[in-house]
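Summary of structural features
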Amino acid sequence: MSGRPARKPLLPGGDCFKKSTPASGRGAGTQRPPPPPSVPVACPGAEYGTLMAMDGYRGFLGLLVSALLVGFLSVIFTLVWVLHYREGLGWDGTALEFNWHPVLVVTGFVFIQGIAIIVYRLPWTWKCSKFLMKSIHAGLNTVAAVLAIISLVAVFDFHNARNIPNMYSLHSWIGLIAVILYMLQLLLGFFIFLLPWAPLSLRALVMPIHVYSGLLIFGTVIATALTGVTEKLIFALKDPAYHSFPPEGVFTNTLGLLILLFGSLIFWIVTRPQWKRPNEPNSILLQPKGGTTEGLEGSMAINVGNVDKSDSELNNEGSARKRNFTLDEAGQRSTM
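Scoring rules and cut-offs
Residues numbered from 1 in each chain as written. Predicted model: local features only at pLDDT ≥ 70, side-chain atom pairs only at ≥ 80, totals over all residues. Heavy atoms only, no water. Helix = DSSP H or I, 4+ residues; strand = E, 2+ residues; numbered from the N terminus. Buried < 20%, exposed > 50% of the residue type's maximum accessible area, 1.4 Å probe, protein only. Lys, Arg positive; Asp, Glu negative; His and termini not counted. Salt bridge = Lys/Arg side-chain N within 4 Å of Asp/Glu carboxyl O. Contact = heavy atoms within 4.5 Å. Phe/Tyr/Trp six-rings, centres within 6.5 Å; stacked < 30°, edge-to-face > 60°. Expected span 1.5 Å × (residues − 1). Bend = angle between axes of the 7 residues up to and from the residue. Axes fitted to C-alpha atoms, helices over the stretch in contact; angles between N-to-C directions. Parallel < 35°, antiparallel > 145°, perpendicular 65-115°, else oblique. Left-handed = near helix turned anticlockwise from the far one by under 90°. Nonpolar A, V, L, I, M, F, W, Y, C, P; charged D, E, K, R; others polar. pLDDT = per-residue confidence, 0-100. Core = buried A, V, L, I, M, F, W, Y, C linked by side-chain atoms within 4.5 Å.

Mapped onto the fold, E97 is located in helix 3 (residues 95-98). In this structure, E97 is buried with no salt-bridge partner, the nearest side chain bearing the opposite charge being R162 at 9.1 Å. The contacts of E97, once residues within four sequence positions are left out, are G90, W91, D92, V153, A154 and D157.

Tracing the backbone shows A225 in helix 7 (residues 200-236). Taking the C-alpha atoms as reference points, A225 and H171, separated by 54 residues in sequence, lie 8.2 Å from one another. The contacts of A225, once residues within four sequence positions are left out, are V110 and I259.

What follows covers the packing of aromatic side chains. Remark: the centre distance and the inter-plane angle together describe each pair of aromatic rings, the angle taken between the planes. Throughout the structure, instances matching the rule amount to 10 aromatic pairs. Judged by centre distance (5.4 Å) and plane angle (50°), the ring pair of F98 and F158 falls under tilted. Of this pair, F98 sits in helix 3 while F158 is found in helix 5 (residues 130-161), placing the two residues 60 residues apart along the sequence. Residue F98 is classed as buried on the basis of its relative accessible area of 13%. Among the residues examined, F158 registers a relative accessible area of 9% and is labelled buried.

The subject of this paragraph is helix 6 (residues 170-194). Between the first and last C-alpha of helix 6 there are 34 Å, a value that for 25 residues agrees with the 36 Å anticipated at 1.5 Å per step. Listed in full, the buried residues belonging to helix 6 are H171, S172, G175, A178, V179, Y182, Q185, L186, G189, I192, F193 and L194.

With that out of the way, let us pick up helix 7. Taking 1.5 Å per residue as the helical rise, helix 7 with its 37 residues ought to reach 54 Å, and the 52 Å between its terminal C-alpha atoms agrees with that figure. Its axis deflected by about 35° at V206, helix 7 carries its strongest bend there, up to four residues before the proline P208.

Moving on, we come to unusual backbone geometry. Of note, the amide linkage connecting D239 to P240 takes the cis form, showing an omega dihedral of 5°. Structurally, the position occupied by P240 is in the loop between helix 7 and helix 8 (247-270). In this model, N163 sits at a positive phi of 55°, which is unusual for a non-glycine residue. Residue position: N163 is located in the loop between helix 5 and helix 6.

As for its position among the elements, H210 is in helix 7. For H210, a relative accessible area of 18% translates into the label buried.

Where helix 4 (residues 100-118) meets helix 8, the axes come as close as 9 Å, and the angle between the chain directions of the two elements is 15°. On the basis of the axis angle, helix 4 is roughly parallel to helix 8. Considering how the two elements wind past one another, helix 4 and helix 8 form a crossing that is left-handed. Residue-level inspection shows V106, V110, F111, G114, I117 and I118 of helix 4 in contact with helix 8, the latter providing I259, F262, I266, I269 and V270. Tallied by class, the residues present in the contact of helix 4 with helix 8 amount to 10 nonpolar, 1 polar and no charged.

Here we come to the confidence of the model for the chain. Taken residue by residue, the chain gives an average pLDDT of 79. The fraction at 70 or more is 67%. For residues 7-29, every residue scores under 50 in pLDDT, and the model assigns this stretch 28 contacts once sequence neighbours within four places are set aside. This model gives residues 38-51 a pLDDT under 50, and the stretch forms 22 contacts once residues within four places in sequence are excluded.

Attention now moves to the nonpolar core. In this structure, F109 and F262 are the most contacted members of the largest nonpolar core, which totals 51 residues. For this core, the secondary structure elements donating two or more residues are helix 2 (57-85), helix 4, helix 5, helix 6, helix 7 and helix 8. Counting residues per element, this core draws most heavily on helix 4, at 10 residues. With sequence-adjacent residues up to four places away left out, F109 is seen in contact with L104, A144, A148, A178, V179, Y182 and V221. Grouped together as the second largest cluster of nonpolar side chains are 6 residues, I192, F193, A198 and V206 included.

Within the secondary structure, I136 sits in helix 5. Residue classification places I136 among the partly exposed residues on the basis of a relative accessible area of 36%. A sequence separation of 17 residues divides I136 from V119, and the C-alpha atoms of the two residues are 8.0 Å apart.

Attention now goes to the packing of helix 4 against helix 6. Contact geometry of helix 4 with helix 6 gives a least axis separation of 14 Å together with a crossing angle of 45°. Compared by their axis directions, helix 4 and helix 6 come out oblique. Like other packed secondary-structure pairs, helix 4 and helix 6 cross with a definite hand, here left-handed. Contact with helix 4, carried on its side by H101, F109 and Q113, involves H171, A178, V179 and Y182 of helix 6 and no other residues of that element. By residue class, the composition of the contact of helix 4 with helix 6 is 4 nonpolar, 3 polar and no charged.

Written out as structure tokens, the structure is:
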């Protein structure tokens, strides 16, 4: 052995966390005990990495799997209903064309829209860019909107072919209102949040309204689906009648319960603050004047995309060196 003091190992994480050593004074050249866990200096982005560990991850995973399972079962039950009890699907102005209406509504307007609502809550997507997640969110909602429009075409076409009046029931009123609000929500979200045209202050002002209206529309869609299922059973089941508990009535009532349970799981997942996507590093926290950062989406973090990458790295390195210098100075004072 050469007699030189052994080099101290780095803390886990490489250069992200470093122990400070005294450059001079008492204790120089000797190993110092490591600083307390609350003092390590994090490299740029390490704080965001610590947020990857979601609070109550197992509970979230259990609810997510349950929601996906219940939503998938809702789609399967709808297909079984129209294929087994309602004679199948078609596009010829008959009842077979009408059967596309519940299939497309449950698949797109209920199941896909529910997935689009909670896509920001998936912790394994938190490392993805916010723009990518916005694009996925908008894409899923666009698919749901297209399926909802096709479902409306199917039911109007069926009614017109059979000379059945349109828009006279509560189900049709709520459903049309939900579709109109959903299209407005989609267009406003596309132009304000996805495209880089809207000022950041406008985005911060609209964000709480966007979140609230999205949940309101989703709840309206659930109510529309339940009233539609009941209305269809009342009209279709004559012999045996709906009130005599026929197999189709019991099966379709079960479908309604699955839709209600799916909506409840989505609402619970999206309203838990501990499962909210953390703010990205190098982001600006915006909120309306007089607002608070509390709540579901009361504030919004907008990633700074117009900052040059090299300048950002230099600033981060400079900040890290300044923090390291402060820590070294504090360590030297503590040994004196």
